[in-house]
Amino acid sequence: MAALVLPVGALAADHPAGGQAHSHRHGGVGKPGIAANVTRTVNIAMSDAMRYSPSDVEVKSGETVRFIVTNLGRVTHELSLGTEKELLEHREAMKKAPGMQHDEPGQLSLPPGGQGEIIWQFGKAGTVNFACLVPGHHEAGMKGTVKVSNR
């Protein structure tokens, strides 16, 4: 059974009814993980300083990680995994439809005080990016990386 994004708390204030749904594939960055295969948990905090803590994470190729993500801020933030190209495309789509709903397992949008998780199995060695693509947040520096090393 694959674990998908499991937000804690209501997202309705974040994405009002009638907001556009958005979906994209995560080419080359891995795939949704299986909870039984999680090897460790990484806690990531999001803040209104437009930063993640930590902003750099190291994993091994094939490793399944549970990210517990907490929004410590007073505005909505998100964490989206992807290639730099995917994230930039998503950022442009968010500018056109800021009320967009996310329906991908590698994306998590949280209201102020919200908490959720992403379980992700990382693929080949390299760098996987993550960012908050709420308009203005990525541009303000709200981004990070997952360094994926060979086993």
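Residues numbered from 1 in each chain as written. Predicted model: local features only at pLDDT ≥ 70, side-chain atom pairs only at ≥ 80, totals over all residues. Heavy atoms only, no water.

The strands making up a sheet associate through hydrogen bonds between their backbones, and the pairing can be parallel or antiparallel. Taken together, 5 strands build an open sheet; the order of strands is 5-12-11-7-9 and the sheet is mixed. In the strand order of this sheet, the two ends are held by strand 5 (56–60) and strand 9 (107–110), each with one partner. Direction aside, neighbouring strands of the sheet carry axes that sit 20° apart on average. Examined bridge by bridge, strand 5 and strand 12 (residues 143–149) share 5 bridges and lie parallel to one another. In the sheet register, E58 faces strand 12, and the bridge partner there is K147. On the sheet, helix 1 (residues 84–96) packs against strand 7 (77–82), strand 9 and strand 11 (126–131) and is oriented at approximately 140° with respect to strand 7. (Pairing = 2+ DSSP bridges. Helix = DSSP H or I, 4+ residues; strand = E, 2+ residues; numbered from the N terminus. Axes fitted to C-alpha atoms, helices over the stretch in contact; angles between N-to-C directions. Contact = heavy atoms within 4.5 Å.)

With that settled, the discussion passes to unusual backbone geometry. Cis geometry is adopted by the peptide bond preceding P54, which originates at S53 and carries an omega value of 0°. The topology assignment puts P54 in the loop between strand 4 (51–53) and strand 5. In this model, M50 sits at a positive phi of 60°, which is unusual for a non-glycine residue. Within the secondary structure, M50 sits in the loop between strand 3 (40–47) and strand 4.

In this section: the sheet that holds strand 3. Reading across from one edge, 2-10-6-3-4 is the order of the 5 strands in this open sheet, with mixed pairing throughout. Either end of the sheet is taken by a strand with one partner, and the two such strands are strand 2 (31–32) and strand 4. For strand 3 and strand 6 (residues 64–71), the ladder comprises 7 bridges, and the chain directions are parallel. Counterpart to M46 in the pairing with strand 6 is N71.

Let's shift gears to the packing of aromatic side chains. Going through the model one piece at a time under the given rule, you end up with 2 aromatic pairs. A ring pair is formed by Y52 and F130, whose centres lie 4.9 Å apart and whose planes are at 75°; its orientation type is edge-to-face. Remark: F130 occurs in strand 11 and Y52 occurs in strand 4; sequence separation between them is 78 residues. Accessibility assignment for this pair places Y52 and F130 in one class, buried. Ring geometry for F67 and F122: centres 6.0 Å apart, planes at 80°, overall edge-to-face. Placement of the pair is F67 in strand 6 and F122 in the loop between strand 10 (115–121) and strand 11, with a sequence separation of 55 residues. Each member of the pair, F67 together with F122, is buried. (Phe/Tyr/Trp six-rings, centres within 6.5 Å; stacked < 30°, edge-to-face > 60°. Buried < 20%, exposed > 50% of the residue type's maximum accessible area, 1.4 Å probe, protein only.)

Right, let's talk about the pairing of strand 10 for a bit. Counting buried residues along strand 10, 5 of its 7 residues qualify, which places the element largely inside the surrounding structure. Taken together, the 2 bridges between strand 2 and strand 10 define a ladder with antiparallel strand orientation. Across the sheet, the residue bridging to K31 is Q121, located in strand 10. As paired strands, strand 6 and strand 10 are joined by 7 bridges and run antiparallel to one another. Bridged to T70 within strand 10 is Q115.

Taken as a whole and judged by the stated rule, the model has 3 salt bridges. For K85, the salt bridge identified is with E89, shortest N-O distance 3.3 Å. Linking K85 with E89, this pair stays in helix 1, spanning 4 residues, or about one helical turn. (Salt bridge = Lys/Arg side-chain N within 4 Å of Asp/Glu carboxyl O.)

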